Amino acid sequence: MPNFTLAQRLTGTLPASRPGLFNPWRDWCDADDRSNPLGGPEGRMSRLAEHLDCDPRYIICGQSPGWRGCRYSGIAFTSERQVIDGAIPRISSSPDRLTRASPQGGPLSEPSSTIMWNTLRRLGISGDVLLWNALQMHPHQPSLPWSNRTPTWGEIQLGAAALEMLLDAFPDAKVIAIGRKSEDLLRELDMLPNGQLRHPAYGGARQFAEGMRRLV
């Protein structure tokens, strides 16, 4: 059964959206398709609850949601395209789009999401992984929701309470940090990661995949 209690506790630690920082589980985005019951904050919360319904061997923690991925899917390193295709373990597929028209034309697809899930499937661990972000809110340029920006350290720390709660809920999972900010937050919480990997996007796909292979 979907773990709604944990999903609500985790996201309940986050503030409401503010200029340049969007809370996907609390607020509507203008691009959300309101005709689809699986879209919007309720749909994202439902998918997060499904994603949390596991006993993970690994927790992979990235930096923050991207506009092509978690902002609309509700799952780190996961895109609208993958949700529609029913390609993600435990996650209900959507027969319709989660967003209205986008710059990509069709459903949103994120390179790092594709690399992540392809790698997990090749290693045979796609059902044993929980994906998360150090900051669970989408940082974007002001007035440009379809953009990404690097969050400040103060913004990253907004996700500390949820990250600590998540790791307490799954104490046996090995934690893998993707990127420096994720690693820094884990260390600040005195939760040293079991491994640190290059982000799969921006030319890091091969290093990420090889690093995951070694860790597994």
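In the block above lies the structure referred to throughout.
Here we summarise the structure given alongside this text. (Residues numbered from 1 in each chain as written. Predicted model: local features only at pLDDT ≥ 70, side-chain atom pairs only at ≥ 80, totals over all residues. Heavy atoms only, no water.)

## Notes on the side chain of Thr99
Tracing the chain through its elements places Thr99 in the loop between α4 (80-84) and α5 (111-123). A distance of 2.8 Å separates polar atoms of two side chains, one belonging to Thr99 and the other to Arg97. In this structure, Thr99 is in contact with Ala31, Asp33, Tyr72, Glu80 and Leu108, ignoring residues within four places of it in sequence. (Helix = DSSP H or I, 4+ residues; strand = E, 2+ residues; numbered from the N terminus. Polar contact = N/O pair within 3.5 Å; in protein donor to acceptor, adjacent residues only side chain to side chain. Contact = heavy atoms within 4.5 Å.)

## Comments concerning empty space enclosed by the protein
Summary: where empty space remains is shown by rolling a probe the size of a single water molecule over the atoms. All told, the structure shown has one cavity of 30 Å³ or more when counted by the stated rule. What the largest cavity holds in volume is close to 50 Å³. Forming the walls of the largest cavity are Trp25, Leu48, His51, Cys70, Gly74, Ile75, Ala76, Leu131, Trp132, Asn133 and Gln136. With three residues, strand β3 (residues 129-133) is the largest single contributor of residues to the lining of the largest cavity. Along the lines of polarity and charge, the residues of the lining of the largest cavity split into seven nonpolar, four polar and no charged. (1 Å grid on protein atoms, 1.4 Å probe; cavity = no way out; pocket = protein on both sides within 12 Å on 5 of 7 lines; lining within 4 Å. Points joined across faces, edges and corners; volume = space filled by probe spheres on them. Nonpolar A, V, L, I, M, F, W, Y, C, P; charged D, E, K, R; others polar.)

## What about the pairing of strand β2 (residues 58-62)?
Counting buried residues in β2 gives five out of five residues, a clear majority hidden from the surface. Of the two faces of β2, the one holding Tyr58, Ile60 and Gly62 and the one holding Ile59 and Cys61 are both buried throughout. As defined by bridge partners, β2 adjoins β3 across five bridges and the pair is classed as parallel. Within β3, the residue paired with Cys61 across the bridge is Trp132. By the bridge criterion, four bridges tie β2 to strand β5 (residues 174-178) in an arrangement that is parallel. Looking at the pairing, Cys61 lines up with Ala177 of β5. (Buried < 20%, exposed > 50% of the residue type's maximum accessible area, 1.4 Å probe, protein only. Pairing = 2+ DSSP bridges.)

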